[in-house]
Amino acid sequence: MEVRGGEPGASVALWWLPVGAGGHVVIHTSRWWEAVRAWRGRRPRRSLFHAALEVEIGSARTVIEMAPAWGNPGTSDAERGVVATGPVGMRWLGASRLFRYEVRRWEGGDIPDRDTAPAPPTRLQIAPARAQMVLDRVGDVPRHVWGRDALGMGDMWNSNSLIAWLLESCGVGAASRVPPAGGDAPGWQAGIAAATLQRGE
């Protein structure tokens, strides 16, 4: 549900960023993974996207994103607003920072590679109380294993799952949000399903 004409001073911007933009390894591995999926599904390949949120309440701006815990030289977890972590690949691997993801609620933070976004963000005008709810719930996201089908529904848990879970569980709505240009956002449906299960539906 996109709320138009809500109280002034608050908004949530949903960014869609190409998977692997600015990198070398991820962009190739994701293309190979999508090529296999397309072959199995007997369909054309799709562009893959990674979602992030930018929440504004008054003059305060906060970035919400899930990303690898490694590769952040010069900043501490507190500076990046890390509120949760989880394992990548296998639960026991999460003991190593190399196989751990972090969930960020980063006030004044950056969205890496935002310049590569193929379109402006979808801006959802909502009441300040609803926007604050989005911020408050970030740390409550389920800590499922990144890359695994945690809910047994054929969709992996990843960074898109966080954003979909957050929007859906806060009543902003995620089911109608789709990436641009016919692209795909793996993990999106897993996030919606996790929010639905928590509501007992």
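An account of the accompanying structure is given in this report. (Residues numbered from 1 in each chain as written. Predicted model: local features only at pLDDT ≥ 70, side-chain atom pairs only at ≥ 80, totals over all residues. Heavy atoms only, no water.)

Observations concerning the pattern of salt bridges
Rules: Any Lys or Arg side-chain nitrogen found within 4 Å of a carboxyl oxygen on Asp or Glu counts as a salt bridge. Relative accessibility under 20% of the residue-type maximum defines a buried residue, over 50% an exposed one, and the middle range a partly exposed one, all with a 1.4 Å probe and only protein chains included. In this text, helices come from DSSP runs of H or I with a minimum length of four residues, and strands from runs of E with a minimum of two, each type numbered from the N-terminal end.
Tallying each qualifying case throughout the model produces seven salt bridges. Its salt-bridge partner being Arg 104, residue Glu 102 comes within 2.6 Å of it at the nearest N-O pair. Each member of the pair, Glu 102 as well as Arg 104, is classed as buried. Across the pair Arg 199 and Glu 168 runs a salt bridge, and its minimum N-O distance is 3.7 Å. One end of the pair, Arg 199, is in the segment after α4 (188-198); the other, Glu 168, is in helix α3 (residues 159-169), and 31 residues separate them in sequence. With a relative accessible area of 17%, Glu 168 lands in the buried category. In this structure, a network of salt bridges that share partners links the residues Asp 77, Arg 80, Arg 97, Glu 102 and Arg 104.

Considering the environment of Met 153
Heads up, the condition is: Only heavy atoms matter for contacts: two residues are in contact if any of them lie within 4.5 Å across the pair.
You can see Met 153 is positioned in the loop between α2 (128-137) and α3. Residue classification places Met 153 among the partly exposed positions, given a relative accessible area of 36%. Separated by 40 residues in the primary sequence, Met 153 and Ala 193 have C-alpha atoms spaced 8.6 Å apart. If near-sequence neighbours (up to four positions away) are discounted, Met 153 is found in contact with Gln 189, Ala 190 and Ala 193.

Observations regarding the pairing of strand β3 (residues 60-68)
Which entries qualify depends on this criterion: Note on pairing: two strands pair once DSSP finds at least 2 bridges between them.
Direction of pairing for strand β2 (residues 49-57) relative to β3: antiparallel, over a ladder of five bridges. Residue pairing across strands places Glu 54 opposite Val 63, the latter belonging to β3. The loop that links β2 with its antiparallel partner β3 comprises two residues; one of these, Gly 58, has a positive phi angle of about 60 degrees. Pairing between β3 and strand β5 (residues 100-107): seven bridges, direction antiparallel. Residue Ile 64 lies in a different strand from β5, and its bridge partner there is Arg 105.

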